[in-house]
Amino acid sequence: MKRKYFIGVMLALLIFPLFPSKSHALVEWDIQKVLKLDTQPLDVAVPNNGNSIFILSKSGKILIYSFDGELKGEIDAGNHVDQIKAGPSDEWLFLSSRENKTVKILHVDFMQHIDISGSPFLGPENAPIVMVVFSDFQ
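In this report, we go over the structure that sits alongside the text. (Residues numbered from 1 in each chain as written. Predicted model: local features only at pLDDT ≥ 70, side-chain atom pairs only at ≥ 80, totals over all residues. Heavy atoms only, no water.)

A short note on the overall build of the protein chain
Move 1: Tallying secondary structure elements over the protein chain gives 1 helix and 7 strands in all.
Move 2: Counting from the amino terminus, the protein chain carries its helices and strands in the arrangement α-β-β-β-β-β-β-β.
Move 3: Counting over 138 residues, the protein chain shows a buried share of 20%.
Move 4: Of all intrachain contacts in the protein chain linking residues separated by at least 6 positions in sequence, the fraction that spans at least 24 positions is 26%.
Move 5: When the accessible surface of the protein chain is totalled, it reaches about 12,200 Å², and 59% of it is carbon and sulfur. (Helix = DSSP H or I, 4+ residues; strand = E, 2+ residues; numbered from the N terminus. Buried < 20%, exposed > 50% of the residue type's maximum accessible area, 1.4 Å probe, protein only. Contact = heavy atoms within 4.5 Å. Areas by Shrake-Rupley, 256 points an atom, 1.4 Å probe, with all protein chains shown as cover.)

Pasting the structure below:
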């Protein structure tokens, strides 16, 4: 009797590892940054290139943050906008309104301030300057 019990236990131990067991993968995570807002967020969108974070607030503003948490700018979209979607790059943003049954397509340009004080110039000192970057090589 003891021998049959021993053989049964040994068979169970040998056969048990052959059956796949259900296990969960270990997931590690870490909060990198918390953006503290002055208003309640309604929606968040990140473009495919991942350079900006667009946050639609309850007040109808779209807050534009860089990934290091710096506020780059804001757009007053109005209270009727209830959802945003990012385009393939930082320049495109889609705003939808269920109430108005509309989708607005925005093209966003990011302007950079360049300090040119002390640089030589030709013409009026306070003349506006526009710089264009052609990055599509077409």
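As for unusual backbone geometry
Move 1: At Lys101, a position not held by glycine, the phi torsion is positive, near 55 degrees.
Move 2: Looking at the secondary structure, you find Lys101 in the loop between β6 (92-97) and β7 (102-107).

Considerations on the sheet that holds β6
Move 1: With antiparallel pairing, the 3 strands of this open sheet are ordered in space as β5-β6-β7. Two strands in the sheet have a free side with no partner beyond their single neighbour: β5 (83-86) and β7. Along the sheet, successive strands turn relative to each other by an average axial angle of 20 degrees, direction set aside. (Pairing = 2+ DSSP bridges. Axes fitted to C-alpha atoms, helices over the stretch in contact; angles between N-to-C directions.)

Some remarks on the pairing of strand β3 (residues 61-66)
The side chains of a regular strand alternate between the sheet's two faces.
Move 1: The buried count for β3 comes to 5 of 6 residues, which makes it a mostly enclosed element.
Move 2: Two elements, strand β2 (residues 52-57) and β3, share 5 bridges in a ladder whose sense is antiparallel. Directly across from Leu56, in β3, lies its bridge partner Ile62.
Move 3: Counting the residues in the hairpin turn of β2 and β3 gives 3 residues, including Gly60, whose phi is positive at 90 degrees.
Move 4: One ladder, built from 5 bridges, connects β3 with strand β4 (residues 71-76); its direction is antiparallel. Across the sheet, the residue bridging to Ile62 is Ile75, located in β4.
Move 5: The loop that links β3 with its antiparallel partner β4 comprises 4 residues; one of these, Gly69, has a positive phi angle of about 95 degrees.

Section: the pattern of salt bridges
Note on pairing: side chains with opposite charge can pair once their charged atoms come close.
Move 1: Counted according to the given criterion, the structure contains 2 salt bridges.
Move 2: Between Glu74 and Lys61 there is a salt bridge, with its nearest N and O atoms 3.6 Å apart. Here Glu74 is found in strand β4, whereas its partner Lys61 is found in strand β3, with 13 residues between them in sequence.
Move 3: The partly exposed category is assigned to Lys61, whose relative accessible area is 29%.
Move 4: Across the pair Asp82 and Arg98 runs a salt bridge whose closest N-O atoms are separated by 3.5 Å. Of this pair, Asp82 sits in the loop between β4 and β5 while Arg98 sits in the loop between β6 and β7, and the two are 16 residues apart along the sequence. (Salt bridge = Lys/Arg side-chain N within 4 Å of Asp/Glu carboxyl O.)

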